[in-house]
There are 2 protein chains.
Amino acid sequence: MNISQVSKKYGLSIDTLRYYEKEGLIPPVHRNESGIRDYTEQDCGWVEFIKCMRGAGLSIETLREYISLHAKGNCTLQKRKDLLIAERAKLQERLQEMQETLKRLNYKIDFYDKKIVACEKELLGRRKNK
Amino acid sequence: MNISQVSKKYGLSIDTLRYYEKEGLIPPVHRNESGIRDYTEQDCGWVEFIKCMRGAGLSIETLREYISLHAKGNCTLQKRKDLLIAERAKLQERLQEMQETLKRLNYKIDFYDKKIVACEKELLGRRKNK
DNA sequence: GCTTGACTTGAAGTTAACTCCAGGTATTAC
DNA sequence: GTAATACCTGGAGTTAACTTCAAGTCAAGC
């Protein structure tokens, strides 16, 4: 799979894919004889994983660290787990905050509904009194 | 209430408070005779609201638009409601995505648990065989 | 054999959202 | 009255995360 196919498949720009690789967010992608990227299933798996984690707000820095630990093999299993646990905690906090804000938005939208109705009534009333 | 008290109260830097005001994210703050900001209850309310919305990922641009509509009075009620509905939809999408990722992290952490146990067993096994 | 189009690289540019700085004013403490 | 402190402004600088660019390679079609 070449880079533009991967780009379409995951909705990440070609430039972003190269950037992620350059920055060590995904392990080096397999290349053909002439140096052109040829993504394996596994390479695609990494792309998908990174896309997912970035979408949840994990930083480039954190993901680079994770991949770097991964590259060092089994002796970093515990460290990787700890990293994921820390990131999960942050994610849970963000989720909580956002859920609160969602509730607030719902409430606010309801409030606007009522306000709009009240406002229309007032306009109607004024017209009658003219 | 002066700016440093507001800064402490909401955990936003003084520079950020001034920046938000300059950018029109909050309506102009009340000033005393010598031009120094003196936040009223209402000013604080706006700060809190913007902090909350920024925390949920609403952009500066969007919030500026909202405040600008607010400043124009009742004839923008419907537009403001529409804006909030659109932002709520985006927020819900972000939430969904993040919840999926949370599940995935949970799964992955479990997986690491098992892998670590398996790895330790293997090490133990090797030691016995020596 | 040469043009076209997709790939490559390193480096520079962009964007959003702050954050810092220099130079100035006003109030309080001594 | 002057030194310290907290505020003010406009503008420059920073950071993360891309995004664009210039210059080059390579394979396919004509």
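Above this text you will find the structure in question.
Rules of the game
Residues numbered from 1 in each chain as written. Chains lettered and ligands numbered in written order. Predicted model: local features only at pLDDT ≥ 70, side-chain atom pairs only at ≥ 80, totals over all residues. Heavy atoms only, no water. Contact = heavy atoms within 4.5 Å. Buried area = accessible area lost by both parts, 1.4 Å probe. Salt bridge = Lys/Arg side-chain N within 4 Å of Asp/Glu carboxyl O. Polar contact = N/O pair within 3.5 Å; in protein donor to acceptor, adjacent residues only side chain to side chain. Helix = DSSP H or I, 4+ residues; strand = E, 2+ residues; numbered from the N terminus. Nonpolar A, V, L, I, M, F, W, Y, C, P; charged D, E, K, R; others polar. Phe/Tyr/Trp six-rings, centres within 6.5 Å; stacked < 30°, edge-to-face > 60°. Buried < 20%, exposed > 50% of the residue type's maximum accessible area, 1.4 Å probe, protein only. Lys NZ or Arg CZ within 6 Å of the ring centre and 35° of its normal. Near = heavy atom within 4 Å.

Visitor: Provide a residue-level description of the interface of chain A and chain B, including the pertinent values.
Guide: Residue-level contacts link 34 residues of chain A with 35 residues of chain B. The junction of chain A with chain B conceals about 3700 Å² of combined surface from both sides, 71% of it contributed by carbon and sulfur atoms. For the chain A face of the interface with chain B, the top three residues by lost area are Met98(A), Arg104(A) and Tyr112(A), together amounting to 18%. Linking chain A with chain B are four salt bridges. The salt bridge involving Asp113(A) is made with Lys81(B); its shortest N-O contact spans 2.5 Å. Linking chain A to chain B there are ten residue pairs in polar contact (both at pLDDT 80 or more). Elements with a contribution of two residues or more to the side of chain A that touches chain B: α3 (41-55) and α5 (77-129) of chain A. Among the elements that line the side of chain A that touches chain B, the one with the most residues is α5(A), at 26 residues. The class makeup of the residues in the side of chain A that touches chain B is 17 nonpolar, seven polar and ten charged.

Visitor: Which residues make up the packing of aromatic side chains, and what are the values?
Guide: Considering all chains together, one arrives at six aromatic pairs over all chains under this definition. Between the aromatic rings of Phe49(A) and Tyr66(A), the centroid separation amounts to 5.7 Å while the plane-to-plane angle is 45°, which identifies the pairing as tilted. Note that Phe49(A) is positioned in helix α3 and Tyr66(A) in helix α4 (residues 60-71), a separation of 17 residues in sequence. Like Phe49(A), the residue Tyr66(A) is buried in the burial classification. Here the aromatic cluster, defined as three or more aromatic residues joined through ring pairs, consists of Trp46(A), Phe49(A) and Tyr66(A). The ring of Phe49(B) carries the charged tip of Lys108(A) above its face, separated from the ring centre by 4.7 Å.

Visitor: Quick one: what's the story with the protein's contact with DNA strand D, residue by residue and with numbers?
Guide: The full set close to DNA strand D counts 18 residues, and Asp15(A), Arg54(A), Ser4(B), Arg18(B) and Arg37(B) are the nearest of them. Backbone atoms, meaning sugar plus phosphate, form 79% of the atoms of DNA strand D positioned within 4 Å of the protein. Take Thr16(A): an N or O atom from its side chain is 3.2 Å from a phosphate oxygen of DNA strand D. Within the side chain of Arg54(A), a nitrogen or oxygen atom sits 2.8 Å from a phosphate oxygen of DNA strand D. Elements with a minimum of two residues in the surface near DNA strand D: α2 (14-22) of chain A together with α1 (3-10) and α2 (14-22) of chain B. The biggest single contributor to the surface near DNA strand D is α2(A), with four residues. Grouping the amino acids of the surface near DNA strand D by side-chain chemistry returns five nonpolar, seven polar and six charged.

All quantities given are derived from atomic positions and should not be read as evidence of function.
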